[in-house]
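Descriptive structure summary
Here is what each chain is made of, one letter per residue.
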Amino acid sequence: MSDLAGKVALVTGASRGIGLAIAERLEEAGAHVVRLARSLTPATTATRTDISCDVTDAAAVRRAVQQLVAAGHVPDIVINNAGSFLLKPLGETTADEFENQLAVNLVGPFHVLRALLPYLTQRDRAHVVTIGSVADHRPYAGNAAYGASKYGVRGLHEVLVEELRGQGIRTTLISPGPTDTRLWDPLEPERRDDVPPREAMLHPEDVADAVLYVLTRPPRVSIEWVRLMPVV
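This is a predicted model, so every value here is computed, not measured. (Residues numbered from 1 in each chain as written. Predicted model: local features only at pLDDT ≥ 70, side-chain atom pairs only at ≥ 80, totals over all residues. Heavy atoms only, no water.)

1. Re the layout of surface pockets
By volume, the largest pocket amounts to about 1,200 Å³. Taken together, 48 residues form the lining of the largest pocket, with Ser-84, Phe-85, Tyr-146, Thr-181 and Leu-183 sitting closest to its centre. Looking at the lining of the largest pocket, the elements with two or more residues in it are α1 (17-28), β2 (32-37), α3 (95-120) and α4 (144-164). Ranked by residue count, the leading element in the lining of the largest pocket is α1, at three residues. Residues that form the lining of the largest pocket fall into these classes: 26 nonpolar, 16 polar and six charged. (1 Å grid on protein atoms, 1.4 Å probe; cavity = no way out; pocket = protein on both sides within 12 Å on 5 of 7 lines; lining within 4 Å. Points joined across faces, edges and corners; volume = space filled by probe spheres on them. Helix = DSSP H or I, 4+ residues; strand = E, 2+ residues; numbered from the N terminus. Nonpolar A, V, L, I, M, F, W, Y, C, P; charged D, E, K, R; others polar.)

Right under this line is the structure:
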């Protein structure tokens, strides 16, 4: 039997890209997967619950959590994955663009954690996984808004680690390098010399495999940080 059999795993931003790959991998591993994304059509099967939810909307997140509690699907696993990507120098980044990056990449994860923490702390075992970025540890030119938001979400995650210490809840930050998803479509990496071509990037499934690995370690093992990079 899978280590995830009988577990409920909530994945944000799960309609495409890395989030979809994670959701599919965890469902294959036996978890009941709750997918949250703005573009999803609400639906429920034996192995999946889909909820249309904008994680930047605190009230919408609370309603989604209340729905899960009422259905008996309180998550044992939370994957904070929903994110947005902007590649612009600071001087070209508008205030609206900066605020949008913070809203999706930092404020959204806060809303999810804030709504779920009272339930997570009641579980015998729980695991919170934050999907960051290689840009959450290292500054890159042209990453003013995105880099600030990812540094912020790493800070949020690390505060969570300290606040949950000793409560039996494992926490992992996964920081992938460039990953081939639709977020790159408008940027045309093949025409740039500051990012790798798409064929050299990680695949969403690579990140999903890393998530599954950290979730299925024995209870005595805590993997605090994983950095994934393409081979260069």
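2. What about helix α2 (residues 58-71)?
With 14 residues, α2 ought to run about 20 Å at 1.5 Å a step, and its terminal C-alpha atoms sit 20 Å apart, in line with that. Here α2 has its buried residues at Ala-60, Val-61, Ala-64, Val-65 and Leu-68. Looking straight down α2, one finds its buried side chains confined to an arc of 135°; they lie on one side. Within α2, the exposed residues directed more than 90 degrees away from the buried face are Arg-63, Gln-66 and Ala-70. Turning to α2, the residues buried within the fold contact β1 (8-12), β2, β4 (48-52) and α3. Two to three positions downstream of the cap, the backbone nitrogen of Ala-59 sits 3.1 Å from a side-chain oxygen, assigning the N-cap of α2 to Asp-57. Downstream of α2 by one or two residues, Gly-72 has phi in the positive range, about 75°. (Expected span 1.5 Å × (residues − 1). Buried < 20%, exposed > 50% of the residue type's maximum accessible area, 1.4 Å probe, protein only. Arc of directions from axis to C-beta. Contact = heavy atoms within 4.5 Å. Polar contact = N/O pair within 3.5 Å; in protein donor to acceptor, adjacent residues only side chain to side chain.)

3. Looking at the nonpolar core
In this structure, Ile-22, Leu-26, Ile-79, Ile-174 and Leu-215 are the most contacted members of the largest nonpolar core, which totals 27 residues. Going through the elements one at a time, β1, α1, β5 (77-80), β6 (126-131), α5 (204-215) and β8 (225-228) are the ones with two or more residues in this core. The element best represented in this core is α5, accounting for six residues. Setting aside anything within four residues of it in sequence, one finds Ile-79 in contact with Leu-10, Val-11, Thr-12, Ile-22, Leu-26, Val-129, Ile-131, Val-211 and Leu-215. Membership of the second largest hydrophobic core comes to 24 residues, among which are Leu-10, Cys-53, Ala-64 and Leu-68. (Core = buried A, V, L, I, M, F, W, Y, C linked by side-chain atoms within 4.5 Å.)

4. Focus: the packing of aromatic side chains
Using the criterion set out here, one finds one aromatic pair in the structure. A centroid spacing of 4.7 Å and a plane angle of 85° characterise the contact between Phe-85 and Tyr-146, whose relative ring orientation is edge-to-face. Within this pair, whereas Phe-85 is found in the loop between β5 and α3, its partner Tyr-146 is found in helix α4, the two being separated by 61 residues in sequence. Look at Tyr-146 and you get buried, because its relative accessible area is 11%. (Phe/Tyr/Trp six-rings, centres within 6.5 Å; stacked < 30°, edge-to-face > 60°.)

5. So, the side chain of Gln-101
Position of Gln-101 relative to the elements: it lies in helix α3. Not counting residues up to four positions away in its chain, the partners in contact with Gln-101 are Ser-84, Phe-85, Leu-86, Leu-106, Ala-145, Tyr-146 and Ser-149.

6. Section: the environment of Thr-121
Along the chain, the position of Thr-121 falls in the loop between α3 and β6. Every residue in contact with Thr-121, bar those within four places of it in the chain, is listed here: Leu-164, Gln-167 and Ile-169. A distance of 3.2 Å separates the side chain of Thr-121 from the backbone oxygen of Pro-118, its partner in a polar contact.

7. A few points about the pattern of salt bridges
Taken as a whole and assessed by the stated rule, the structure comprises eight salt bridges. Among the ionic pairs, Arg-25 bridges to Glu-28, the shortest N-O distance being 3.5 Å. A residue pair is termed a helical-turn pair when its members lie 3 or 4 positions apart in one helix, as Arg-25 and Glu-28 do in helix α1 at three residues. By relative accessible area, Glu-28 is classed as exposed at 61%. Between Glu-97 and Lys-88 there is a salt bridge, with its nearest N and O atoms 2.8 Å apart. (Salt bridge = Lys/Arg side-chain N within 4 Å of Asp/Glu carboxyl O.)

8. A look at the packing of α2 against α3
Two numbers describe how α2 lies on α3: the axes approach to 9 Å, and their chain directions differ by 30°. On the basis of their axis angle, the class for α2 and α3 is roughly parallel. As for how α2 packs across α3, the hand of that crossing is right-handed. In contact with Ala-58, Val-61, Val-65 and Val-69 of α2, α3 contributes His-111, Val-112, Ala-115, Leu-116 and Tyr-119. Of the residues contributing to the contact of α2 with α3, the split by class is eight nonpolar, one polar and no charged. (Axes fitted to C-alpha atoms, helices over the stretch in contact; angles between N-to-C directions. Parallel < 35°, antiparallel > 145°, perpendicular 65-115°, else oblique. Left-handed = near helix turned anticlockwise from the far one by under 90°.)

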